[in-house]
Each structure stands twice: as C-alpha cells, then as structure tokens.
Amino acid sequence: MKFTKAVFAIALTTLLFIFHSLSVLAEDKPVVKVNNTVLTEMDLEEILNELIPSVSVHRGMSPERRASFIPKATELLIERELLYQEALRRGMKVDKDKVDTSVEAIIKKLGGKKAFKEALKSRDISNEDFRRRVEKKFLVNDLYNIEVEQKVVVTVEEISRYYEDNKADFMRPESRRIRHILIKVDPASTPNDKQSKKKVAEEVLQKIKAGEDFAQLAWDYSDDPYRVKGGDFGIIHRGRLESPLNEIAFSLPVGSVSDVIETIYGYHIIKVEEEKQPEQLSLEDVSQKIQGQLLEKKLKAIHDAFIGDLKAGSKIEIYIK
C-alpha cells in the first residue's frame, strides 16, 4: 500500500463512494469481525469502489483481477474500523453541520432529495444509517490526522543530510538532443513493400548527405509524430530509446547522422545535435523529491506503529480468504 494522506482524505468524491458502494447486489454476509463489530460484504464493497473508482473499469474487470484487490481492501477495512472504534472510545464527535453539509452536497450531486431517497430505498439503507457512514468517515479521518499526519514532519536538515548521504542517486544522466526520421513499415507488409520503404529511407539519407535540411526532410517524409517539430526529439536520456536506436544515438559524434537503421517499426535515420555529460543535481533541484520520499517513509512508519498498537489491543477475525 502506498501510504499517502489521500488514503483517509475526505472529499465529496470520497463520500460519494459510500453511496455508490451500497450496491443493490451487495449482501450482509460477514467479511471480518473487529472486536464486537461485524463488517459485511457491503462494507468491503465500499473500500473496493475506492480502490477501483472507475465504473467502466470496475464493470469490465475480470473476476480474477477484481479478486486481487480484496486482500488490500480487507486490510484497509480493518484499519478504518479500528480507527473508528478508537475515536469512539476517546469520545470524539463530528460537528452536525459538517455532516449536514456533506449529505446535502451528495443529494445535490445525485439530482435531488427524491432521487436520493429512492436510491437509499433500493439499497435498503435508512437515512440515519447513511449519515452514520458519513460520520464514520469524518471520525476516521480526524483521528488519523491527529495520530499520524500531524506527526509527520521533515526538516530542512533531514533533507540536506539525505542529499549528502545519497548524492550518487541524484545525477542527471548523459543526454543528447536528436532529430529523427522514421519511414514506417507495417509488420504485415510484403518483402517488396519493405524493400520499397527501405529505398525511400536510403534516398532520404542521400538527400541529408547532399546537404538538404534534416528538419525539412523530417517534415516531408517522416511517419513519426515528431515530424511537426522537424523530427526534434528534444533532450533524451540514455536508455530512453529502444535498442538499437539508443546505442547508435549515444555513440554518434555530435553533428553526425546515422546510416539507415532497421527496427520492427521500419527504417530510421538519427542526427545527434547536442550532447550533455552526466551532471550532479543540486540540493535545490531535488529537495522537493527528497522531502516527498522522507514524508512517505515517515508516514508509513508512524501509520504502521499506530495501527499496530490498535491491532495489538483488539480481536480480529477474518472470514474470507
């Protein structure tokens, strides 16, 4: 699991998951038991609809692929119930106006009170039960914010120390600016068609050698999308291109043009226009990236410790495999 604030964040789209996950097809079959609370398939469906939010993807997903999300969803279901029970134990409350505002936003999004009531009825869910689900979301989020998110702090000194200890990881690799011409060949082409395409590529190469402008020839002949830029790929790092284009692009002297190169895509011609040697990135260049990495690491550690403590003091039974 990637531990980010988004895991427990509250937003209208997240609250709508509560509603849409109350599937007419979902059952009250037990999934897990956390202390004295039994959670059902309907509760698990809510989590699955967050992990797989797209309706089109969800419907088109194979049973095997969908099943692969169940262990992660089950773990998240248990964690949220533990947080909810701990929030209740501490006597935490959710402001009624906050719940009212959220429910009103959902009603508006669904097309009005009538549509909302009919949808709840079709799912055999009362308005009170739905409000409790919304309240639960807020309580879980509030406790998580207090015990985990607010405790995650990364200092400037930590960022600087990490940079100095891992400088080798912050090198800008060798790069080159290249132009490219592709004479595309359909894999289903006949040998004669392929030979004809190769002849075109060779003729283009001769025009380049004769002094004609590479960019103009790319516009006139290339089947590559970059033809509109005169075949300019821009600055690319070593390893970005597929073999053998990568090897050739990074072995040619600056200003030189390759021979015709054959790949499964067709016939290519490359020109190297600029070379940049590997470069050490500065702390300023990578400070935000380092901060993100350290935040993620600390968030996971604090998350694991807090949830671990809650689990240690609880009885958890899992009924699904």
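Right above here is the structure, for reference.
No experiment lies behind these values; they were computed from the predicted model shown.

A.B. asks: Just to check I follow, could you spell out the overall build of the chain for this structure?
C.D. replies: Assigned secondary structure in the chain consists of 13 helices and 9 strands. Taking all 321 residues of the chain together, the buried fraction comes to 40%. Nonlocal contacts in the chain, meaning residues at least 24 apart in sequence, comprise 73% of its contacts between residues at least 6 apart. A total of about 18,500 Å² of accessible surface is found on the chain, and carbon and sulfur atoms cover 51% of it.

A.B. asks: Any chance you could explain the pattern of salt bridges here in plain terms?
C.D. replies: A side chain with one charge can pair with a side chain of the opposite charge if their charged atoms come near. Per the stated rule, a full pass over the model turns up 25 salt bridges. Residue Arg80 is joined to Glu50 by a salt bridge in which the shortest nitrogen-to-oxygen separation is 3.0 Å. Of this pair, Arg80 sits in helix α5 (residues 70-89) while Glu50 sits in helix α2 (residues 41-51); the two residues are 30 residues apart in sequence, bridging distant segments of the chain. The partner of Glu164 in a salt bridge is Lys167, with the nearest N and O atoms 3.8 Å apart. Taken together, the salt bridges that share partners define one network made up of Asp43, Glu46, Glu50, Arg80, Asp129, Arg132, Arg133 and Lys137.

A.B. asks: Sorry, what's going on with α5 here?
C.D. replies: Residues that lie three or four places apart on an α-helix share one face, since the helix turns once every 3.6 residues. End to end, α5 covers 28 Å across 20 residues, agreeing with the expected 28 Å (1.5 Å per residue, within 8%). In terms of residue burial, α5 counts as a mostly covered element, since 15 of its 20 residues are buried. The positive-phi residue at the C-terminal boundary of α5 is Gly91, with phi of around 80°.

A.B. asks: It is not clear to me how the packing of aromatic side chains should be interpreted in this structure. Could you clarify?
C.D. replies: When we look at a pair of aromatic rings, we describe it by the centre distance and by the angle of the planes. Counted by the stated rule, this structure contains 4 aromatic pairs. Grouped by ring-pair contacts, the aromatic residues Tyr162, Tyr163 and Phe170 constitute a single cluster. The ring of Trp219 is capped by Arg227, whose NZ or CZ atom sits 4.3 Å from the centre of that ring.

A.B. asks: Hey, could you run me through the pairing of strand β2 (residues 37-40) in this one?
C.D. replies: Here is the key point about a regular strand: its side chains alternate between the two faces of the sheet. Direction of pairing for strand β1 (residues 30-34) relative to β2: antiparallel, over a ladder of 4 bridges. Looking across to β2, one finds that Val34 is bridged to Thr37. The hairpin formed by β1 and β2 contains 2 residues between the paired strands, and Asn35 there has a positive phi angle of roughly 60°.

A.B. asks: How should the side chain of Ser222 be read in this particular structure?
C.D. replies: Take Ser222: it is sitting in the loop between α11 (214-221) and β5 (232-237). A polar side-chain atom of Ser222 sits 3.1 Å from the main-chain amide nitrogen of Asp224. Excluding anything up to four places from it in sequence, Ser222 contacts His180, Ile181, Leu182, Leu217 and Arg227.

A.B. asks: Can you walk me through α11 in this structure?
C.D. replies: Looking only at α11, the buried set comprises Phe214, Leu217 and Ala218. Relative to the axis of α11, the buried residues are bounded by an arc of 105° and lie together on one face. Elements in contact with the buried residues of α11: β4 (175-184), α10 (191-209) and β7 (266-276).

A.B. asks: Help me understand the sheet that holds β1 in this model?
C.D. replies: Hydrogen bonds between backbone groups are what pair the strands of a sheet, and the pairing can be parallel or antiparallel. Here we have 3 strands laid out as an open sheet, ordered β2-β1-β9, and antiparallel in their pairing. Pairing within the sheet leaves two strands with one partner each, and these edge strands are β2 and β9 (316-318). Between one strand axis and the next, the sheet turns through 20° on average, direction left out of account. For β1 and β9, the ladder comprises 3 bridges, and the chain directions are antiparallel.

A.B. asks: Before we go on, may I ask you to explain the nonpolar core in this structure?
C.D. replies: What tends to happen in soluble globular proteins is that the nonpolar side chains get buried as a cluster. Val32, Leu44, Leu83, Phe116 and Phe130 are the most contacted members of the largest nonpolar core, which has 42 residues in total. Looking at this core, the elements with two or more residues in it are β1, α2, α5, α6 (96-110), α7 (113-122), α8 (127-147) and α13 (283-312). Counting residues per element, this core draws most heavily on α5, at 9 residues. The contact partners of Leu44, leaving out residues within four places of it in the chain, are Val31, Ile70, Ala73, Thr74, Leu77 and Ile320. Judged by nonpolar contacts, the second largest core, of 12 residues, contains Ile181, Val204, Tyr267 and Ile269.

The rules behind each value
- Residues numbered from 1 in each chain as written.
- Predicted model: local features only at pLDDT ≥ 70, side-chain atom pairs only at ≥ 80, totals over all residues.
- Heavy atoms only, no water.
- Helix = DSSP H or I, 4+ residues; strand = E, 2+ residues; numbered from the N terminus.
- Buried < 20%, exposed > 50% of the residue type's maximum accessible area, 1.4 Å probe, protein only.
- Contact = heavy atoms within 4.5 Å.
- Areas by Shrake-Rupley, 256 points an atom, 1.4 Å probe, with all protein chains shown as cover.
- Salt bridge = Lys/Arg side-chain N within 4 Å of Asp/Glu carboxyl O.
- Expected span 1.5 Å × (residues − 1).
- Phe/Tyr/Trp six-rings, centres within 6.5 Å; stacked < 30°, edge-to-face > 60°.
- Lys NZ or Arg CZ within 6 Å of the ring centre and 35° of its normal.
- Pairing = 2+ DSSP bridges.
- Polar contact = N/O pair within 3.5 Å; in protein donor to acceptor, adjacent residues only side chain to side chain.
- Arc of directions from axis to C-beta.
- Axes fitted to C-alpha atoms, helices over the stretch in contact; angles between N-to-C directions.
- Core = buried A, V, L, I, M, F, W, Y, C linked by side-chain atoms within 4.5 Å.

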